[in-house]
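A look at the structure
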Amino acid sequence: MSIEITKVTARIGAHVSGVDLTRPLAEAEVAALREALNTHKALVLDAHGLDDAGQQAFARRFGDLTTAHPTVGAVADAPHVLPVDSERGRANHWHTDVTFVLNPPQATTLRSLTVPPYGGETLIANQAAAYRDLPEPLRRLADTLWAEHTNDYDYAVPEEDIDEEKAAQRAQFTSIAYRTVHPVVRVHPLTGERGLFIGGFAQRLVGLSLGESRKLLDLLQSYVTRPENVLRHRWSENQLVVFDNRITQHYAIDNYDGLPRRLHRVTVAGDVPVGIEGKESYSIEGDASHYTPVAA
């Protein structure tokens, strides 16, 4: 093998070279990429010549695939591929993908098709580093907390900014209501690391009011988004970014003046999150069996 892993920042991110994504990967290559993902949380690879089928084949080496999304439509003839298109909306808020279901994806792959000449970066944050940064009293508190995640996300968008198209997109996103309770501190099933598991879909802490929840979640989130914990990826066309959805958050910056920006997303089915005491997440509302199997 000639795989080369080059760190991008001290706490998150690595460039991977020496991998040809247009051909089937050897077991040793997959193992090296998994180890790199466990270590660096986010990987950037060259994707020249890669198409939807190739992206799905690559992602499938990490596990079974989810469909594109629980409520949002897929690319035509590619049920596992979600178009991340600026014309269909912009996810400019911190989140971990699809945490409102019982077993969110373990990994996300994003492939760039069209990128604006400026802006449009994706921020990816290391939630394990954020957990380690917490002062001991706050860490002990976080260890005991559970949060309700829902796709009925409060975007806090002024009514005058919601046109008919945006209202239709929001209605589609919430067409099936999901509410799931996850541990605020999740144990990674492969590395044993503890990491915060919050983000935009975490709306309320169990046993606390909305106001109390918001204050505590904002405080914990401030550690996630510390600059030291964040990779700021500037896209080029034909790149593939892979991040561990179990221990990261991400944010697509809306700073490109409405110019075209299109990525394709394929996600790998995940396990049910587990807290530090071994208790699993539980669902309150919404069946996601059409979207994802549960990874062993």
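Residues numbered from 1 in each chain as written. Predicted model: local features only at pLDDT ≥ 70, side-chain atom pairs only at ≥ 80, totals over all residues. Heavy atoms only, no water.

**Brief notes about the overall build of the protein chain**
Looking only at helices and strands, the protein chain features 6 helices and 16 strands. At 18 Å, the protein chain has a C-alpha radius of gyration in line with the 19 Å of a compact globule built from 296 residues. Referenced to the eigenvectors of the C-alpha coordinate spread, the extents of the protein chain come out at roughly 50 × 45 × 35 Å. Restricting the contact set of the protein chain to residue pairs at least 6 apart, pairs at least 24 apart contribute 82%. Accessible area for the protein chain stands at about 13,000 Å²; split by element, carbon and sulfur atoms hold 51% of it. Across the protein chain, the 29 positively charged side chains and the 39 negatively charged ones have centroids separated by 5 Å. (Helix = DSSP H or I, 4+ residues; strand = E, 2+ residues; numbered from the N terminus. Rg over C-alpha atoms; globule rule 2.2 N^0.38 Å. Contact = heavy atoms within 4.5 Å. Areas by Shrake-Rupley, 256 points an atom, 1.4 Å probe, with all protein chains shown as cover. Lys, Arg positive; Asp, Glu negative; His and termini not counted. Charge placed at Lys NZ, Arg CZ, Asp CG, Glu CD.)

**Looking at the environment of Gly18**
Note that Gly18 resides in the loop between β2 (14–17) and α1 (27–40). Remark: the alpha-carbon pair of Gly18 and Leu45, spanning 27 residues in sequence, is separated by 9.1 Å. Ignoring sequence-local partners within four residues, the contact set of Gly18 consists of Ser2 and Ile3.

**Observations concerning helix α4 (residues 136–144)**
Restricting attention to buried positions, one finds in α4 the residues Leu138, Ala142 and Asp143. Axial view of α4: buried residues confined to an arc of 145°, hence all on one face. Within α4, the exposed residues directed more than 90 degrees away from the buried face are Pro137 and Thr144. The secondary structure elements touched by the buried residues of α4 are α3 (127–133), β9 (185–187), β10 (194–196) and α6 (210–224). (Buried < 20%, exposed > 50% of the residue type's maximum accessible area, 1.4 Å probe, protein only. Arc of directions from axis to C-beta.)

**What about the pattern of salt bridges?**
Per the stated rule, a full pass over the model turns up 19 salt bridges. Among the salt bridges present, the one from Asp52 reaches Arg111, with a minimum N-O distance of 2.4 Å. With Asp52 in helix α2 (residues 52–60) and Arg111 in strand β5 (residues 107–114), this pair connects stretches of sequence that are 59 residues apart. Accessibility assignment for this pair places Asp52 and Arg111 in one class, buried. Arg179 is the partner of Glu148 in a salt bridge, and the nearest nitrogen-oxygen pair spans 2.8 Å. (Salt bridge = Lys/Arg side-chain N within 4 Å of Asp/Glu carboxyl O.)

**Structural notes on the packing of aromatic side chains**
Counted under the stated rule, the structure contains 4 aromatic pairs. For the pair Phe100 and Tyr178, a centre-to-centre distance of 5.7 Å together with 35° between the ring planes defines the contact as tilted. Pair noted here: Phe100 is in the loop between β4 (82–85) and β5 and Tyr178 is in the loop between α5 (164–173) and β8 (179–183), with a separation of 78 residues, a long-range link. Exposure class is identical for Phe100 and Tyr178. Each is buried. (Phe/Tyr/Trp six-rings, centres within 6.5 Å; stacked < 30°, edge-to-face > 60°.)

**Side note on unusual backbone geometry**
Its identity is not glycine, yet Lys41 carries a phi of approximately 75°, on the positive side. One can find Lys41 in the loop between α1 and β3 (42–46).

**As for the sheet that holds strand β7 (residues 146–150)**
Strands sit in the order β11-β7-β8-β16 across an open sheet of 4 strands; the sheet is antiparallel. The open sheet terminates on both sides in strands that have one partner only, identified here as β11 (202–205) and β16 (282–285). Sheet twist, expressed as the mean angle between neighbouring strand axes with direction ignored, is 30°. As paired elements, β7 and β8 share 5 bridges and run antiparallel to each other. (Pairing = 2+ DSSP bridges. Axes fitted to C-alpha atoms, helices over the stretch in contact; angles between N-to-C directions.)

**Section: the side chain of Arg111**
On the accessibility criterion, Arg111 (7% relative accessible area) is buried. A distance of 3.1 Å separates a polar side-chain atom of Arg111 from the backbone oxygen of Leu50. In this structure the side chain of Arg111 is engaged in a polar contact, spanning 2.4 Å, whose partner is the side chain of Asp52. Sequence-distant contacts of Arg111, defined by excluding residues within four places in its chain, comprise Ala47, Leu50, Asp51, Asp52, Gln55, Gln239, Leu240, Arg262, Leu263 and His264. (Polar contact = N/O pair within 3.5 Å; in protein donor to acceptor, adjacent residues only side chain to side chain.)

**Here's the deal with the sheet that holds strand β14 (residues 248–252)**
An order of β12-β6-β14 is seen for the 3 strands of this open sheet, with the pairing classed as antiparallel. Each end of this open sheet is capped by a strand with a single partner; those strands are β12 (230–233) and β14. Strand-to-strand twist across the sheet, computed as the mean angle between neighbouring axes with direction ignored, equals 20°.

**Considerations on α6**
For α6, built from 15 residues, the straight-helix expectation of 21 Å at 1.5 Å per residue is met to within 8% by its first-to-last C-alpha distance of 21 Å. Listed in full, the buried residues belonging to α6 are Ser213, Leu216, Leu217, Leu220, Gln221, Tyr223 and Val224. Down the axis of α6, the smallest arc covering the buried residues is 145°, so these residues share one side. (Expected span 1.5 Å × (residues − 1).)

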